[in-house]
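Chain by chain, the residues run as shown.
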Amino acid sequence: MAETKREIERKYDLAGSEGAAEPPDLTGVAGIADSVDKGVAELDAVYWDTVDQRLAAASITLRRRTGGADAGWHLKLPVSHIPGARDEIRAPLSDTVPADLAGLVRSRVRDAALVPVVRLRSARRIQHLLDAQGSLLAELSVDRVRAERLGGGRGTSAWTELEVELADDGEIALLDKVDKKLRKKGIRPSDAPSKLARALAETAPEVPAVEPAGPEIATVRGKKAGKPAAVAEEVREAVGKGPGTAGDHVLAYLRAQRDALVSLDPAVRRDLPDSVHQMRVATRRMRSAFKSFRKVLDRTVTDPVGEELKWLAGELGVDRDQEVLGERLTGRIAELPTTLLLGPVVARLQAWSVARGSSSRRQALDVLDTERYLTLLDTVDALLAAPPLKPAAAKAPAKALTKALLKDYGRLETRVEHALALQPGEERDLAMHEARKAAKRARYAGEAAAPALGKPAEKFAKRMKAVQTVLGDHQDSVVAREALRTLAVQAHMAGESAFTWGLLYGHEEAAAADRERELPGVWEQASQEKLRASLGA
């Protein structure tokens, strides 16, 4: 993977587009003891995007730049939890977009071509802002920019801007204090989030391009996903007449999951923490919503899409499940006294985890490059562009969504009671696993309905999550026991003691029994009478 650097910066407008604007004196602000002039760098950058600017719409920039200390290809991805932050992924200069960077934007670009859209030439005057020990706190630059639209537009634009970029491991509080100082000097933050955004806006065609029509329902595994029922168009018009319908809320939830799925794709490719899990959750939430709200959306259209989402979650799950299992077993071993660790227990677990983890990660990455995955993304976009709405979609959300929640609850109730009626053993383990899946679906339904139903739906989701947690921990113990048995056999075949693996197996059996005893009490807290009362049903 190419080199990555986190960039946290603030941009400001400076009056005039010509001439050499003087950098403001920031010494004395937030520990800035000195500023060192680093001269002027001449930068020449060509920004690449699709013709319909899919990357720009997602605040993503891809450029090929010469000049300066970091010439090469740069891909900048927004960091959602840090305002003004972007991860800049760099690759060496080449004539074409590097494969690594192209992969990171594939979920946005799909099959569209990446082409040059804007050229920016900048004269950058640079100052390093230092503390009393001479350490770099931030870089201040004044850029005189000339932008040229490539492939149509209004030609060129020019402006001057000031940029303050935090040094590696710097404190964001420094930028806040610098911001306060600049505002006192009459220097205001830029209205544009990036140079590219400003260039696109100021060189756009006089007559806006006609947006392409939404794609038809895409194919799934080579077959048409199906067309909405004849009534769907009338329902769609009713939904569009005003906010607050059941259809509005369900579609908003589905769009949020679609957006999460697309935005998490590059995070999974970069192996960022928890990214596989979150991407898998987005697929499950969307699939669960199709099932829970089948009175709102036509399942003859959503069922095939749901099956593809299930496939994707399963492929991603190989990597995630191995990660969770490895963490659980590592924690169990750490809890044991060293006197009970007979044989190379830690080394065997590490070797087993690495061998399984490397292959599962490769599988997850390979899936993201398949035509089947890209077709799924297109299919979801098409479905949301022309949703297969049913008559209930045009109704007020209270009744339709509440009914869906209670139906999911009834499904869970049947499965929990069935599991509790069985004797401990494999059959009960399987029944509790099925109940866990029903609890997760009910929880997701509650979360989806919360914007419309408020606290009652939030409480519903919270209680369903409590049930899911108990059942989930029970299932984790079942999976852990299967792995421990495998490790015990491997240890025995290698002439090692299998004592510790057997001991851990017993611990997991006890943990499962604890969850089985805990379930009736948790289920009582989620009784139907309480839920009906809280939902007003």
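Residues numbered from 1 in each chain as written. Predicted model: local features only at pLDDT ≥ 70, side-chain atom pairs only at ≥ 80, totals over all residues. Heavy atoms only, no water.

## Describing the nonpolar core
Next, step 1: By size, the foremost hydrophobic cluster in this structure holds 66 residues, and its most contacted members are Leu 254, Phe 293 and Val 467.
Next, step 2: Looking at this core, the element that brings in the most residues is helix H13 (residues 426-453), giving twelve residues.
Next, step 3: Discounting residues that sit within four places of it in the chain, Phe 293 has contacts with Val 250, Leu 401, Ala 404, Ala 445 and Ala 448. (Core = buried A, V, L, I, M, F, W, Y, C linked by side-chain atoms within 4.5 Å. Buried < 20%, exposed > 50% of the residue type's maximum accessible area, 1.4 Å probe, protein only. Helix = DSSP H or I, 4+ residues; strand = E, 2+ residues; numbered from the N terminus. Contact = heavy atoms within 4.5 Å.)

## Brief notes about the confidence of the model for the protein
The predicted coordinates should not be examined in detail at positions where pLDDT is low.
Next, step 1: Here the protein averages 87 in pLDDT, while 88% of its residues score no lower than 70.
Next, step 2: Low pLDDT, under 50, characterises residues 209-242; the stretch is placed with 54 contacts to residues that sit more than four places away or in other chains. (pLDDT = per-residue confidence, 0-100.)

## A short note on H13
Next, step 1: The end-to-end C-alpha distance of H13, which contains 28 residues, comes to 39 Å, matching closely the 40 Å that a straight helix rising 1.5 Å per residue would cover.
Next, step 2: Glu 447 marks where H13 bends most, by close to 25°; the proline Pro 451 follows one to four residues later. (Expected span 1.5 Å × (residues − 1). Bend = angle between axes of the 7 residues up to and from the residue.)

## Considerations on the pairing of strand E2 (residues 34-49)
Along a regular strand, successive side chains alternate from one face of the sheet to the other.
Next, step 1: Where E2 meets strand E6 (residues 115-130), 14 bridges bridge the pair, whose relative direction is antiparallel. Residue Val 40 lies in a different strand from E6, and its bridge partner there is Arg 125.
Next, step 2: Here E2 pairs with strand E3 (residues 61-66) via five bridges, running antiparallel. In the strand pairing of E3, Trp 48 is matched with Leu 62. (Pairing = 2+ DSSP bridges.)

## Side note on the environment of Pro 78
Next, step 1: Inspection of the secondary structure puts Pro 78 in strand E4 (residues 72-78).
Next, step 2: It is 8.5 Å that separates the C-alpha atoms of Pro 78 and Ala 58, two residues lying 20 residues apart in sequence.
Next, step 3: When near neighbours in sequence (up to four residues on either side) are disregarded, Pro 78 contacts Ala 58, Ser 59, Ile 60, Ala 85 and Arg 86.

## Section: the sheet that holds E6
Backbone hydrogen bonds are what pair the strands of a sheet, in a parallel or an antiparallel way.
Next, step 1: The eight strands are arranged E1-E5-E4-E3-E2-E6-E7-E8 in a closed barrel whose pairing can be described as antiparallel. Within this sheet the neighbouring strands show an average axis-to-axis angle of 35°, counted without direction.
Next, step 2: Relative to strand E8 (residues 156-166), strand E1 (residues 3-14) is paired through six bridges, and the arrangement is antiparallel. Residue pairing across strands places Asp 13 opposite Glu 161, the latter belonging to E8.
Next, step 3: The strands touched by helix H4 (residues 172-184) within the sheet are E1, strand E7 (136-149) and E8, with E1 carrying the most contacts at an inclination of about 15°. (Axes fitted to C-alpha atoms, helices over the stretch in contact; angles between N-to-C directions.)

## Looking at the pattern of salt bridges
Next, step 1: In this structure the tally under the stated criterion is 51 salt bridges.
Next, step 2: The shortest N-O distance in the salt bridge between Asp 303 and Arg 299 comes to 2.9 Å. Of this pair, Asp 303 and Arg 299 both sit in helix H9 (residues 299-335), four residues apart, which is roughly one turn of that helix.
Next, step 3: A relative accessible area of 31% means that Asp 303 is categorised as partly exposed.
Next, step 4: A salt bridge links Glu 508 to Arg 328, with the nearest nitrogen and oxygen atoms 3.0 Å apart. One end of the pair, Glu 508, is in helix H15 (residues 499-525); the other, Arg 328, is in helix H9, with 180 residues separating them in the sequence.
Next, step 5: Here Glu 508 falls in the buried class, since its relative accessible area comes to 0%.
Next, step 6: Classification of Arg 328 as buried rests on a relative accessible area of 17%. (Salt bridge = Lys/Arg side-chain N within 4 Å of Asp/Glu carboxyl O.)

## A look at the packing of helix H7 (residues 246-269) against helix H12 (residues 397-421)
Next, step 1: For the pair H7 and H12, interaxial distance at closest approach is 8 Å and the crossing angle is 55°. If you check the angle between H7 and H12, you find them oblique. Contacts between H7 and H12 pair Ala 246, His 249 and Val 250 from the former with Pro 397, Ala 400 and Leu 401 from the latter.
Next, step 2: For the contact of H7 with H12, a count of residues per class yields five nonpolar, one polar and no charged. (Parallel < 35°, antiparallel > 145°, perpendicular 65-115°, else oblique. Nonpolar A, V, L, I, M, F, W, Y, C, P; charged D, E, K, R; others polar.)

## A word on the side chain of Ser 292
Next, step 1: With respect to the helices and strands, Ser 292 occurs in helix H8 (residues 275-292).
Next, step 2: Given the relative accessible area of 8%, Ser 292 is considered buried.
Next, step 3: Once residues lying within four places of it in the same chain are set aside, the contact partners of Ser 292 are Ala 404, Asp 408, Arg 441 and Ala 445.

## Here we look at the environment of Trp 48
Next, step 1: Mapping Trp 48 onto the fold places it in strand E2.
Next, step 2: A relative accessible area of 16% places Trp 48 in the buried class.
Next, step 3: On a C-alpha basis, the gap between Trp 48 and Val 97 in space is 8.7 Å, while along the polypeptide they are 49 residues apart.

## What about the environment of Ala 439?
Next, step 1: The residue Ala 439 is located in helix H13 in this model.
Next, step 2: Look at Ala 439 and you get buried, because its relative accessible area is 0%.
Next, step 3: Put simply, Ala 439 and Gln 468 are 29 residues apart on the chain and 5.2 Å apart in space, counted from C-alpha to C-alpha.
Next, step 4: Ala 439 has contacts with Leu 412, Met 464, Val 467, Gln 468 and Leu 471, leaving out every residue within four places of it along the chain.

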